[in-house]
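Chain by chain, the residues:
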Amino acid sequence: MTRVTIDPATDMLGLIDVQPTFMPGGELAVPDGDAVVAPINRLLAGPFQHAFATQDWHPPGHISFASSHPGHAPFEDITVAYGRQTLWPDHAMQESANAAIHPGIAQARIAAIIRKGTYRHIDSYSAFFENDRATPTGLDGWLRSRGVRRLFLCGLATDFCVAWSAEDAGSLGYETYVVDDASRGIGLPGPGNRTTLELSRERLIERGVRFLSSADVI
Ligand code: VGL
Ligand code: ZN
């Protein structure tokens, strides 16, 4: 894809769940998850003057933890009040060291940190809405009141929190990009022998979200 020139007044970088809990050695490790830190720091040092970050931030007994559902195991799907819910190992525990923004991230330009998944009975993948699709995190108001029009999202995991954030960003009217090499995915098996990585990418492209490489952001 062609290069995109950043206008710091209306373009914002969004770091999604760049937390050790989602990296090798963490509770819900995304393969190669720590590889996002270097390209994200390059983006933070270069074109973008402002960024936001999300932090997955779950209380004990969170609904997304398999351990909260006796008889169920991590990576199973169950039905809860708001629909389907994938169950995960306990992760992103509030105030744990692995729930911090990765210590290697240069945080100077991170102007806001949004914590999500803080309600015990609702999971939250998207930076904008909890998984009931109705409870807002407040991020849209923050971005809108600052005049942001384009969002460049990166982080973990490409097929869950990055994908859901990008889809909501598009629906809310932001021109939305996913920075591919600054993101990594989980890749669970999905319908039709496809992985959640393939399915989410297809869905986002259908909805007008664009994928690009950090080298193309100048
Ligand atoms: C995530 C599963 C559970 C993510 C968060 O950051 O993609 N995935 N919680
Ligand atoms: Zn989570």
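Scoring rules and cut-offs
- Residues numbered from 1 in each chain as written.
- Chains lettered and ligands numbered in written order.
- Predicted model: local features only at pLDDT ≥ 70, side-chain atom pairs only at ≥ 80, totals over all residues.
- Heavy atoms only, no water.
- Helix = DSSP H or I, 4+ residues; strand = E, 2+ residues; numbered from the N terminus.
- Rg over C-alpha atoms; globule rule 2.2 N^0.38 Å.
- Buried < 20%, exposed > 50% of the residue type's maximum accessible area, 1.4 Å probe, protein only.
- Arc of directions from axis to C-beta.
- Pairing = 2+ DSSP bridges.

**Looking at the overall build of the protein chain**
In terms of regular secondary structure, the protein chain is built from four helices and eight strands. Tracing the protein chain from N to C terminus, the helices and strands come up as β-α-β-β-β-β-α-β-α-β-α-β. Here the protein chain has a C-alpha radius of gyration of 16 Å; the compact-globule value for 218 residues is 17 Å, and the two agree. Taken along its principal axes, the extent of the C-alpha atoms in the protein chain is 50 × 35 × 30 Å.

**A closer look at helix 4 (residues 196-206)**
For helix 4, the full list of buried residues reads Thr196, Ser200 and Leu204. Considered in projection along helix 4, the buried side chains sweep an arc of 60° and stay on one side of the axis. With its phi angle positive at about 90°, Gly208 sits one or two positions after the end of helix 4.

**A word on the pairing of strand 4 (residues 83-86)**
Across four bridges, strand 3 (residues 77-80) lies against strand 4 in antiparallel orientation. For Asp77, the partnering residue across the bridge sits in strand 4 and is Thr86. What sits between the antiparallel neighbours strand 3 and strand 4 is a turn of two residues.

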